[in-house]
Amino acid sequence: MVIKDYYKILGFENSRVSLDEVKNAYREQAKKYHPDVNVNNKAAEERFKDINEAYRILSDPVQKRKYDKSWYNY
(Lines give C-alpha, C1' and ligand atoms only; values in the text may rest on other atoms or scores of the structure.)
Protein backbone atom coordinates (compact mmCIF):
# COMPACT_ATOMS: atom_id res chain seq x y z
CA MET A 1 0.00 0.00 0.00
CA VAL A 2 1.35 3.40 -0.97
CA ILE A 3 0.73 6.26 1.41
CA LYS A 4 0.69 9.69 -0.21
CA ASP A 5 2.68 12.46 1.44
CA TYR A 6 -0.10 14.98 1.97
CA TYR A 7 2.32 17.52 3.39
CA LYS A 8 4.42 17.53 0.22
CA ILE A 9 1.26 17.68 -1.92
CA LEU A 10 0.35 20.94 -0.18
CA GLY A 11 3.92 22.21 -0.40
CA PHE A 12 5.20 21.64 3.14
CA GLU A 13 8.63 20.35 4.10
CA ASN A 14 7.46 18.72 7.35
CA SER A 15 4.37 17.96 9.42
CA ARG A 16 4.72 20.89 11.84
CA VAL A 17 1.96 23.03 10.33
CA SER A 18 -1.07 24.79 11.74
CA LEU A 19 -4.63 24.49 10.50
CA ASP A 20 -4.38 28.03 9.06
CA GLU A 21 -1.25 27.06 7.13
CA VAL A 22 -3.05 23.99 5.77
CA LYS A 23 -6.01 26.14 4.68
CA ASN A 24 -3.80 28.71 2.99
CA ALA A 25 -1.72 26.09 1.20
CA TYR A 26 -4.88 24.32 0.06
CA ARG A 27 -6.34 27.50 -1.40
CA GLU A 28 -3.10 28.33 -3.21
CA GLN A 29 -2.73 24.84 -4.69
CA ALA A 30 -6.44 24.54 -5.54
CA LYS A 31 -6.36 27.80 -7.51
CA LYS A 32 -3.29 26.66 -9.40
CA TYR A 33 -4.60 23.19 -10.35
CA HIS A 34 -8.37 23.77 -10.54
CA PRO A 35 -10.00 22.07 -13.56
CA ASP A 36 -11.56 25.36 -14.69
CA VAL A 37 -8.06 26.82 -15.05
CA ASN A 38 -6.54 23.65 -16.55
CA VAL A 39 -9.13 22.54 -19.09
CA ASN A 40 -8.47 19.07 -20.56
CA ASN A 41 -5.33 18.60 -18.47
CA LYS A 42 -5.52 15.14 -16.88
CA ALA A 43 -2.35 15.65 -14.82
CA ALA A 44 -3.76 18.82 -13.26
CA GLU A 45 -7.07 17.04 -12.62
CA GLU A 46 -5.30 14.22 -10.75
CA ARG A 47 -3.21 16.73 -8.82
CA PHE A 48 -6.40 18.62 -7.86
CA LYS A 49 -7.90 15.38 -6.52
CA ASP A 50 -4.76 14.76 -4.45
CA ILE A 51 -4.89 18.34 -3.12
CA ASN A 52 -8.51 17.88 -2.03
CA GLU A 53 -7.70 14.55 -0.39
CA ALA A 54 -4.73 16.08 1.44
CA TYR A 55 -6.85 18.96 2.68
CA ARG A 56 -9.64 16.64 3.82
CA ILE A 57 -7.22 14.66 5.98
CA LEU A 58 -4.95 17.44 7.26
CA SER A 59 -7.75 19.87 8.11
CA ASP A 60 -9.41 17.39 10.49
CA PRO A 61 -7.37 17.07 13.72
CA VAL A 62 -8.46 13.47 14.33
CA GLN A 63 -7.73 12.37 10.75
CA LYS A 64 -4.43 14.26 10.78
CA ARG A 65 -3.35 12.49 13.97
CA LYS A 66 -4.22 9.09 12.46
CA TYR A 67 -2.41 9.97 9.23
CA ASP A 68 0.69 11.17 11.07
CA LYS A 69 0.74 8.02 13.16
CA SER A 70 0.40 5.75 10.10
CA TRP A 71 2.91 7.77 8.07
CA TYR A 72 5.66 7.65 10.68
CA ASN A 73 5.02 3.97 11.43
CA TYR A 74 5.02 3.02 7.74
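Residues numbered from 1 in each chain as written. Predicted model: local features only at pLDDT ≥ 70, side-chain atom pairs only at ≥ 80, totals over all residues. Heavy atoms only, no water.

Peer 1: Tell me what's going on with the overall build of the chain, and back it up with residues and numbers.
Peer 2: The number of helices and strands found in the chain is four helices and zero strands. Each helix (α) and strand (β) of the chain, taken in turn from the N terminus, gives the series α-α-α-α. Taken against the 2.2 N^0.38 rule, which gives 11 Å for 74 residues, the C-alpha radius of gyration of the chain at 13 Å falls within 12% of a compact globule. Summarising its shape, the C-alpha atoms of the chain cover approximately 40 × 30 × 20 Å along the three principal directions. The burial tally for the chain puts 31% of its 74 residues in the buried class. Sequence-distant contacts, at least 24 apart, represent 59% of the contacts inside the chain between residues at least 6 apart. Surface exposure of the chain reaches about 5,400 Å², of which carbon and sulfur atoms provide 50%. (Helix = DSSP H or I, 4+ residues; strand = E, 2+ residues; numbered from the N terminus. Rg over C-alpha atoms; globule rule 2.2 N^0.38 Å. Buried < 20%, exposed > 50% of the residue type's maximum accessible area, 1.4 Å probe, protein only. Contact = heavy atoms within 4.5 Å. Areas by Shrake-Rupley, 256 points an atom, 1.4 Å probe, with all protein chains shown as cover.)

Peer 1: How would you summarise unusual backbone geometry if you had to cite specific residues and measurements?
Peer 2: One non-glycine residue, asparagine 40, lies in the positive phi region at around 60 degrees. Within the element layout of this structure, asparagine 40 appears in the loop between helix 2 (19–33) and helix 3 (42–58).

Peer 1: Describe the nonpolar core, and please don't skip the residues or the numbers.
Peer 2: Formed by 17 residues in total, the largest nonpolar core has its most connected members in Tyr6, Tyr7, Leu10, Phe12, Val22, Leu58 and Tyr67. For this core, the secondary structure elements donating two or more residues are helix 1 (6–9), helix 2 and helix 3. When residues in this core are grouped by element, the largest group, five residues, is from helix 3. Apart from residues lying up to four places away in sequence, valine 22 is in contact with Leu10, Phe12, Val17, Tyr55, Leu58 and Ser59. (Core = buried A, V, L, I, M, F, W, Y, C linked by side-chain atoms within 4.5 Å.)

Peer 1: I'd like a rundown of the pattern of salt bridges, residues and numbers included.
Peer 2: Taken as a whole, this structure holds six salt bridges when the rule is applied. Taking the shortest distance from any N to any O, the salt bridge between glutamate 53 and lysine 4 comes out at 3.4 Å. Of the two residues, glutamate 53 is situated in helix 3 and lysine 4 in the segment before helix 1; the sequence distance between them amounts to 49 residues. In this structure glutamate 53 comes out as partly exposed when scored by relative accessible area, which is 24%. Residue class for lysine 4 comes out partly exposed when judged on its relative accessible area of 34%. Measuring nitrogen to oxygen at the nearest pair gives 3.7 Å for the salt bridge that ties lysine 49 to glutamate 45. You can see lysine 49 and its partner glutamate 45 sitting in helix 3, four residues apart, about one turn around the helix. Salt bridges sharing partners connect three or more residues here, namely Lys42, Glu45, Glu46 and Lys49. (Salt bridge = Lys/Arg side-chain N within 4 Å of Asp/Glu carboxyl O.)

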